[in-house]
Amino acid sequence: MSFRVVRSSKFRHVYGQSLKREQCYDNIRVSKSSWDSTFCAVNPKFLAIIVESAGGGAFIVLPHNKVGRIAADHPLVGGHKGPVLDIAWCPHNDNVIASGSEDCVVKVWQIPDGGLSRTLTEPVVDLVFHQRRVGLVLWHPSALNVLLTAGSDNQVVIWNVGTGEILVHIDSHPDIVYSACFNWDGSKLVTTCKDKKIRIYDPRSGELESEAMCHEGSKATRAIFLRHGLIFTTGFNRSSERQYSLRAPDALNEPIVMVELDTSNGVMFPLYDADTNLIYLCGKGDSVIRYFEVTPEPPFVHYINTFQTPDPQRGIGLMPKRGCDVTTCEIAKFYRLNNNGLCQVISMTVPRKSDLFQEDLYPDTLAEDAAITAEEWIAGKDADPLTFSLKDRVSIVQGGYVSSGNTTLSVSKKANILNKASASRGGGGGPLSGGNHSSANNNESNDANQIAAIFSEKDHRNILDEIRKLKAIIVKQENRIRALEAKVNAAAGDETDARNSNKNGSGAAAPTAAAESSSSQPAGSESANDHSTAKDKAHEED
């Protein structure tokens, strides 16, 4: 007698459910770029989507409560001169987002609470180094203001966004970098390249530690670090079949698992949930989302289920665990972009009968605060990302997380040529501090106050200049209106004079005619009287 043992897992019955259309985001002109990107980035406050834009590149930022049909003239973030290729929200400040574009520039933006009321064109800082288009932006998981960028010039650069300085420059890739990912504490960096190889670097020194053949296919590959140190990759084999693999960093040449999935030609994006060890595979052009669980037992990567939709997906974004609704046992939330302009919201839920907080589903998750600064990280310090319990610190408002931290930017000026352009515009190039981070140093606070005063004075001057220009325009228009009124009055006067002269002419002619008629009438009467007198004389003679 034979029987099959079903693997025990609390995520075995996870199911996906899409929200109603009126609870999604419609009428979005998703970018038609052929670049392999997710085109979407989500955090507990905002949804950002790369869109089509005339005359440059742009992306739209929407608060989560602005659902339904989006107006065609909705404000955009549109400071790039070329199409935007990739965007990423800062994990330590929900109001800060970075974008890379075909114009070779990386821009960091500050989004106000509540969303945009007008199109935003002035970034906080411009990061200029790449010579070709920038297709990848990635934030460090635990260090504040550390941003990685990679371009089609085969260069990988790690920046200190706060000062606009380059911390590390990696130029050992022979071809375009497809993907990059930090490990859990940010001490290692894994990249995949067009030369079909996977590489592991020390991100501080840029030293190559190991490399190996990733997938034999020529199409794009992706690699991510899992929480416990393993590496998960997606790619293609020689027959263009899609496959995934699991590898150990010290044995990249020997995959622990290598599995073929299907023969579709869309690049697969692995979206990883470190709290549950679930990996969601979302292929570009696919109509399905497959999800797997990674465990220490063979076969290590366990298939769970597939979420099926009728429409192919153009891009996708994964909400951080801080934005999930714990009251409904929601463990993941996806924002799926369709070709028809609909951003579909999909909720992944574990069925539970109890309404209480499920501690086994929600271990401590990533917090909004940074563990270390950029200076501490580049000096050699490593730190795991800060975590917190959703049970203790979460607030549920419309099914989401509400941060109580301060999301303002504190600017610390530093002599740097990269900051001159932005400083001249009043944008500054200071470090972006999110969450509850605030300066405890009096000198820094004084500097911030002085800079704020300088900025306010400059803004005041700009406002005065604008007022003077408006006054000049008003005076000019008033003079023009007076001149037009004078012309109109002159024309009206001439017309009145002409009308009066015509009236006077007709009045003089009428008396003349009357006089003529009166003078002619007595003459006629006199002739008649003469005729009658002559008749009387003739009768008397007879």
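Numbering of residues starts from 1 in every chain and runs along the sequence as written. Reporting in this predicted model follows two pLDDT cut-offs: at least 70 for local features of residues, and 80 or more for side-chain atom pairs to be given and counted; totals over whole chains, interfaces and linings ignore these cut-offs and use all residues. Think of the side-chain values as coming from all heavy atoms in the structure, minus any hydrogens and water.

- Taking an unreviewed UniProt entry as the reference, the protein is identified by name as Coronin belonging to Drosophila hydei.
- The heading Sequence similarities (unreviewed entry) in the UniProt record of the protein holds the text "Belongs to the WD repeat coronin family." UniProt positions are given in the numbering used here, feature names are shortened, and annotations may be inferred rather than shown by experiment.

## Focus on the overall build of the protein
Part 1 of the reasoning: Each helix is a run of DSSP H or I of at least 4 residues and each strand a run of E of at least 2, with the numbering of both proceeding from the N terminus. The number of helices and strands found in the protein is 4 helices and 32 strands.
Part 2 of the reasoning: A total of 542 residues make up the protein; the buried ones form 48% of that total.
Part 3 of the reasoning: For the protein, the proportion of contacts with a sequence separation of at least 24, taken over those separated by at least 6, is 53%.
Part 4 of the reasoning: Values of accessible area rely on a 1.4 Å probe in the Shrake-Rupley scheme; residue burial ignores everything except the protein chains shown. Counting every atom, the protein has about 26,800 Å² of accessible surface; 51% of that belongs to carbon and sulfur. With a 1.4 Å probe rolled over the protein chains alone, any residue whose accessible area is under 20% of its type maximum counts as buried; one over 50% counts as exposed, and the rest are partly exposed. In this description, contact between two residues means that some pair of their heavy atoms is separated by no more than 4.5 Å.

## Overview of empty space enclosed by the protein
Part 1 of the reasoning: A cavity, in this analysis, means grid points on a 1 Å lattice covering only the protein atoms where a 1.4 Å probe fits yet has no way out; a pocket is instead an open set bounded by protein on both sides within 12 Å along at least five of seven lines, and a residue lines either one if it has an atom within 4 Å of a point. Grid points are joined across faces, edges and corners, and a volume is the space filled by probe spheres set on the points. Under the definition given, this model contains 3 cavities of 30 Å³ or more.
Part 2 of the reasoning: Considered as a void within the structure, the second largest cavity measures approximately 50 Å³ in volume.
Part 3 of the reasoning: What lines the second largest cavity is Ser37, Thr38, Phe269, Cys282, Gly283, Lys284, Gln313, Arg314, Gly315 and Ile316.
Part 4 of the reasoning: Where the lining of the second largest cavity is concerned, the elements lending two or more residues are strand E25 (278-283) and strand E28 (313-318).
Part 5 of the reasoning: Tallying contributions element by element places E28 first for the lining of the second largest cavity, with 4 residues.

## Notes on unusual backbone geometry
Excluding glycine, a negative phi dihedral is what most residues carry, and trans is how most peptide bonds are arranged.
Part 1 of the reasoning: At the junction of proline 298 and proline 299, the peptide bond is cis and its omega measures out at 0° in the coordinates.
Part 2 of the reasoning: Phi is positive for asparagine 145, close to 65°, though the residue is something other than glycine.
Part 3 of the reasoning: In this structure, asparagine 145 sits in the loop between strand E12 (134-139) and strand E13 (146-151).
Part 4 of the reasoning: Its relative accessible area of 2% is what places asparagine 145 among the buried residues.
Part 5 of the reasoning: Of note in the backbone geometry, lysine 196 takes a positive phi value of approximately 75° without being a glycine.

## Things to note about the sheet that holds strand E27 (residues 301-308)
Part 1 of the reasoning: The antiparallel open sheet is built from 4 strands, whose spatial order is E24-E25-E26-E27. Sheet topology places strand E24 (268-273) and E27 at the edges, where each strand pairs with a single neighbour. Pairs of neighbouring strands in the sheet enclose a mean axial angle of 25°, with direction left out of account.
Part 2 of the reasoning: For two strands to be treated as a pair, DSSP must find no fewer than two bridges joining them. With 5 bridges connecting them, E25 and strand E26 (residues 288-294) associate as antiparallel partners. Within the sheet, the bridge partner assigned to cysteine 282 lies in E26 and is isoleucine 289. Axes here refer to lines fitted to C-alpha atoms; in helices the fit is confined to the stretch in contact. Angles between the N-to-C directions go from 0 to 180 degrees.

## Here's the deal with a nonpolar patch on the surface
Part 1 of the reasoning: Side chains of Leu470, Ile473 and Ile474 sit close together on the surface and give an oily, nonpolar patch of about 290 Å² of accessible area.
Part 2 of the reasoning: Structurally, isoleucine 473 can be placed in helix H4 (residues 442-541).
Part 3 of the reasoning: Taking relative accessible area as the criterion, isoleucine 473 reaches 48% and is therefore assigned partly exposed. Without a salt bridge and with relative accessible area above 30%, a residue can belong to a patch; like charges are then joined within 9 Å and nonpolar side chains (Val, Leu, Ile, Met, Phe, Trp, Tyr) within 5 Å. Between Lys or Arg on one side and Asp or Glu on the other, a salt bridge is scored when a side-chain nitrogen of the former is within 4 Å of a carboxyl oxygen of the latter.

## Points about the side chain of serine 347
Part 1 of the reasoning: Within the fold, serine 347 resides in strand E30 (residues 343-349).
Part 2 of the reasoning: Of the residues examined, serine 347 reaches a relative accessible area of 11% and is grouped as buried.
Part 3 of the reasoning: Polar contact is the term for a pair of N or O atoms within 3.5 Å; when the atoms are in protein, one must be able to donate a hydrogen and the other to accept it, and sequence-neighboring residues count only if both atoms are side-chain atoms. At 3.4 Å, the side chain of serine 347 forms a polar contact with the side chain of threonine 349.
Part 4 of the reasoning: In contact with serine 347, not counting residues within four places along its chain, are Tyr15, Gly16, Gln17, Leu19, Glu330 and Ala332.

## Describing the sheet that holds E13
Part 1 of the reasoning: The strand order E12-E13-E14-E15 describes an open sheet built from 4 strands, whose pairing is antiparallel. Both outer strands of the open sheet, E12 and strand E15 (165-170), are each paired with one neighbouring strand and no more. Neighbour to neighbour, the strand axes of the sheet diverge by 25° on average, direction disregarded.
Part 2 of the reasoning: As defined by bridge partners, strand E14 (residues 156-160) adjoins E15 across 5 bridges and the pair is classed as antiparallel. Residue tryptophan 159 lies in a different strand from E15, and its bridge partner there is isoleucine 166.

## With respect to the packing of aromatic side chains
Part 1 of the reasoning: Whether two aromatic rings pair depends on their centres lying within 6.5 Å, for rings of Phe, Tyr and Trp, where Trp uses its six-membered ring; planes under 30 degrees apart make the pair stacked, over 60 edge-to-face, and the rest tilted. The final tally for this structure, using the stated rule, is 9 aromatic pairs.
Part 2 of the reasoning: Between phenylalanine 292 and tyrosine 303, the aromatic rings sit 5.6 Å apart at their centres with planes inclined by 65°, giving edge-to-face as the arrangement. Here tyrosine 303 lies in strand E27 and phenylalanine 292 lies in strand E26, a separation of 11 residues in the sequence.
Part 3 of the reasoning: Under the relative-accessibility criterion, tyrosine 303 is labelled partly exposed at 47%.

## Considering the pairing of E13
It is a general feature of regular strands that their side chains alternate between the two faces of the sheet.
Part 1 of the reasoning: Burial analysis of E13 places 6 of its 6 residues in the buried class, the great majority of the element.
Part 2 of the reasoning: Judged by which residues are buried, E13 turns out to be covered on both faces: Val146, Leu148 and Ala150 on one side and Leu147, Thr149 and Gly151 on the other are all buried.
Part 3 of the reasoning: Relative to E13, E12 runs antiparallel, the two sharing 5 bridges. Across the sheet, the residue bridging to leucine 138 is leucine 148, located in E13.
Part 4 of the reasoning: Counted along the chain from E12 to the antiparallel partner E13, the turn is 6 residues long, and its residue asparagine 145 has a positive phi close to 65°.
Part 5 of the reasoning: The pairing of E13 with E14 spans 5 bridges and is antiparallel. Among the inter-strand pairings, threonine 149 is bridged to a residue of E14, identified as valine 157.

## What to know about the confidence of the model for the protein
Part 1 of the reasoning: For every residue, the predictor reports its confidence as pLDDT, a number between 0 and 100. This prediction gives the protein a mean pLDDT of 83; 79% of its residues lie at or above 70.
Part 2 of the reasoning: Segment residues 394-406 is flagged for pLDDT under 50; beyond a separation of four residues in sequence, or across chains, it makes 27 contacts in the model.
Part 3 of the reasoning: Across residues 537-542, where pLDDT falls below 50, the model places 0 contacts with residues more than four positions away in sequence or in other chains.

## Overview of the nonpolar core
Part 1 of the reasoning: Grouped together as the largest cluster of nonpolar side chains are 36 residues, with contacts concentrated most on Ile28, Ile49, Phe59, Ile111 and Tyr335.
Part 2 of the reasoning: Elements supplying a minimum of two residues to this core: strand E3 (40-42), strand E4 (46-51), strand E5 (57-63), strand E8 (84-89), strand E29 (330-338) and E30.
Part 3 of the reasoning: Sorting elements by how many residues they give to this core places E4 first, with 6 residues.
Part 4 of the reasoning: Not counting residues within four places of it along the chain, the set of residues in contact with isoleucine 49 comprises Ile28, Phe39, Cys40, Phe59, Ile60, Ile87, Leu337 and Cys343.
Part 5 of the reasoning: Note on terminology: a nonpolar core comprises buried Ala, Val, Leu, Ile, Met, Phe, Trp, Tyr and Cys residues joined through side-chain atoms within 4.5 Å. Listed in part, the 25 residues of the second largest apolar core include Cys181, Ile198, Ala223 and Ile279.

## A word on the environment of glycine 135
Part 1 of the reasoning: Counting through the fold element by element, glycine 135 comes out in strand E12.
Part 2 of the reasoning: Spatially, the C-alpha atoms of glycine 135 and tryptophan 35 are 7.7 Å apart, while their sequence positions differ by 100 residues.
Part 3 of the reasoning: Aside from chain neighbours lying at most four places away, what touches glycine 135 is Trp35, Leu85, Asp86, Ala150 and Gly151.

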